[in-house]
Every structure is written in C-alpha cells, then in structure tokens.
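Fold and geometry: a report
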Amino acid sequence: MDMSRVGFIGLGLMGKPMSKRILQAGHELTVFNRSKPPVEELVSLGARAAQSPREVAEKSEFVILMLPDSPDVEKVVLGENGVCDGAGEGSIVIDMSTISPFTEIKIAETLRQRGVYYLDAPVSGSTPAAEAGTLTIMVGGPKEAFDRSLPILQCMGKNIHYMGNNGAGQFTKLCNQIAVSLNLLGTCEALLLASKAGLDPLKVIEVLGSGAGSSWQLVNLGPKIVAKDFTPGFKAEHLRKDLRILSEISEQLGLPLFGTTVVHQLVKSLVESGMGKCGTQSLITILEQLSRHRLTACTQ
C-alpha cells in the first residue's frame with residue numbers, strides 16, 4: 001500500500017485510537033486538537049503537530065475529522081484558519097463525526113467549489129473497536145473520492161460501505177442510532193423486569209442472547225448494566241447529541257419517530273442528572289428511579 005500524507009483533527013475517545021491506527025499503518029500523520037496531551041502522545045509515536053486546522057490541510061492529502069457536533073465541524077472546515085483555507089485542489093476531507101447530514105451537504109458544496117472532495121464517513125463501534133481497527137464505516141460523497149480514500153479507511157474499519165452522495169453516510173448513521181437506542185432501552189427494561197421478578201439478570205442475558213431477542217446492546221452492555229460498570233465506550237452526552245439531531249431531522253422530513261423520541265427524553269434526563277460522561281449503559285439509573293426498583297445481580 002502506498003503511504004499517504006494524512007491529517008487528523010479531533011483526538012478524543014474515538015479519534016485518538018483511530019489516528020494511532022493510521023500511524024501504525026505507516027502513513028505520515030499530522031494532528032491537531034484543542035487540548036494538548038493527546039497531541040503530545042501522538043507526537044511521541046511519530047506524528048507531527050500542527051497549530052491550526054489550516055496547517056493540517058496544507059500538509060495533508062487526506063484530512064480526517066472526528067469532532068463533537070455540527071457547529072464544530074463547520075468551524076474547523078469553513079472558519080478562520082480552517083481546513084478550507086489550506087486544502088489543496090484534489091485533496092480529500094473525510095468527516096467521521098456524527099453530525100447533521102444537511103450540514104455535510106452544505107460543507108461538501110463549499111469545498112467542491114474549491115476543487116476539494118468531501119466525504120461524510122461516520123462510524124459505528126465503541127472505543128475498543130476503534131483500537132482494534134474494526135469499526136463499521138458508512139460513507140457518502142463522490143465515488144472517486146471514496147475509492148481513493150479506501151486504503152486510509154481500511155486502517156480504521158473492517159466493514160466499510162459506500163452509501164451514495166454526500167449526506168448518505170450520516171443518514172445511515174442516524175438509522176443506526178435509532179436501532180442502537182431502542183435496543184439499549186429494551187435491554188434495560190428486560191433486565192429490570194428480570195430483577196423485579198426474582199430472576200438472575202446474568203442468566204437472562206445468556207438466554208436472550210442465544211435467541212431472537214439478542215442484540216449487541218444486550219450481549220455487550222447487559223453485563224455492564226448488571227455490574228453497574230458505567231465506563232464509557234460511548235458517552236451518554238454523545239448519544240444525546242445524536243438523538244437531538246434525529247429529532248431535528250425527523251421534524252425537517254415530517255417523519256414521526258415515536259420510540260426514538262422516548263429514548264431522547266430519557267437520555268436527556270440522564271445527562272442532566274450529571275451522568276453525561278458515563279457510558280450509555282448508565283441509562284439504567286434513570287429507569288431505576290422511575291420504577292423505584294434497583295436492579296440487583298441475583299435475587300433469591
């Protein structure tokens with residue numbers, strides 16, 4: 001595989017391990033992040049530090065973004081000293097954040113006028129998947145840009161899917177977040193019933209996990225819910241942001257999303273209770289409060 005000059009902006013819970021994968025594959029990496037410790041860690045591994053998004057773009061053929069929300073991406077790409085100011089003609093900007101598809105379409109058009117390709121390529125998978133390079137990546141944008149970017153994306157993901165024009169990646173990710181959220185709520189409610197009925201929740205996870213009621217949320221987060229291990233693989237505050245985007249999109253499209261709306265309100269309550277930095281499995285705490293029942297590992 002040919003080595004490329006890659007830039008990475010946003011070295012958080014997901015961005016840092018993703019950028020490490022690119023470095024480990026032998027690519028030349030330039031990084032930028034608001035807080036300095038992640039930058040220093042990447043530099044110690046062989047990356048170069050940039051002082052602005054513009055500088056990242058000036059030094060890179062591919063610029064990858066992993067940022068919190070739509071305004072952050074707009075500012076980093078289109079703002080002062082942004083990626084747009086430094087990106088060369090023919091270069092490719094890949095946004096792997098989860099933001100509004102309509103924001104992605106707007107940014108893509110602005111960059112297209114500058115001769116720069118833009119892909120929206122959000123991911124599914126938590127921090128361990130980012131570390132292992134096994135993320136699912138759903139991509140929207142020009143097919144030729146996707147084909148050129150594939151070797152870079154393969155450093156970070158195992159299942160990489162081209163979904164169509166700009167915005168298609170983000171729309172696919174929002175579909176994913178609907179399924180994730182409702183499966184999470186189902187897992188929490190199933191385990192609450194198991195506990196209330198005097199069953200062993202861990203045994204219930206084992207049984208349901210082998211049948212039609214299984215889901216990634218049940219099998220992977222179910223045991224953490226029982227153990228009250230709220231270490232984040234995906235933070236509750238980030239799920240709240242995704243569900244807020246879904247609420248906005250459903251309004252714009254005139255599409256009722258009943259179950260998603262319920263989970264959105266529950267997650268909003270969870271974050272407002274001070275648990276935004278916890279993993280999404282901490283949703284159980286809100287349901288415990290509402291049901292006035294504390295889930296216990298085993299009741300005789």
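A brief structural summary. Remember, predicted model here, so these are calculated numbers, not experimental data.

Attention now moves to the nonpolar core. F8, M18, M96 and M156 are the most contacted members of the largest nonpolar core, which totals 33 residues. Tallying contributions element by element places helix α8 (residues 143-156) first for this core, with 6 residues. F230, L243, I245 and L257 belong to the second largest nonpolar core, which has 31 residues in total.

Let us now look at the packing of helix α4 (residues 70-78) against helix α6 (residues 101-112). Running from N to C, α4 and α6 point in directions that differ by 5°, and their axes come no closer than 10 Å. On the basis of their axis angle, the class for α4 and α6 is roughly parallel. Facing S70, V73, E74, V77 and L78 of α4, the residues of α6 in contact are T103, K106, I107, T110 and L111. Its residues assigned to classes, the contact of α4 with α6 shows 5 nonpolar, 3 polar and 2 charged.

Counting across every chain of the model gives 16 salt bridges. Measuring nitrogen to oxygen at the nearest pair gives 2.7 Å for the salt bridge that ties E55 to K59. Linked through salt bridges whose partners overlap, the residues forming this network are K16, K20 and E41.

Our focus in this paragraph is unusual backbone geometry. The bulk of non-glycine residues show a negative phi, and the bulk of peptide bonds are trans. Non-glycine residue N81 carries a positive phi angle of around 55°. Checked against the element boundaries, N81 lands in the loop between α4 and α5 (83-86). Look at R292: it is not a glycine, yet its phi comes out positive at around 55°. Note that R292 resides in the segment after α14 (283-291).

Rules behind the numbers
Residues numbered from 1 in each chain as written. Predicted model: local features only at pLDDT ≥ 70, side-chain atom pairs only at ≥ 80, totals over all residues. Heavy atoms only, no water. Core = buried A, V, L, I, M, F, W, Y, C linked by side-chain atoms within 4.5 Å. Buried < 20%, exposed > 50% of the residue type's maximum accessible area, 1.4 Å probe, protein only. Helix = DSSP H or I, 4+ residues; strand = E, 2+ residues; numbered from the N terminus. Axes fitted to C-alpha atoms, helices over the stretch in contact; angles between N-to-C directions. Parallel < 35°, antiparallel > 145°, perpendicular 65-115°, else oblique. Contact = heavy atoms within 4.5 Å. Nonpolar A, V, L, I, M, F, W, Y, C, P; charged D, E, K, R; others polar. Salt bridge = Lys/Arg side-chain N within 4 Å of Asp/Glu carboxyl O.

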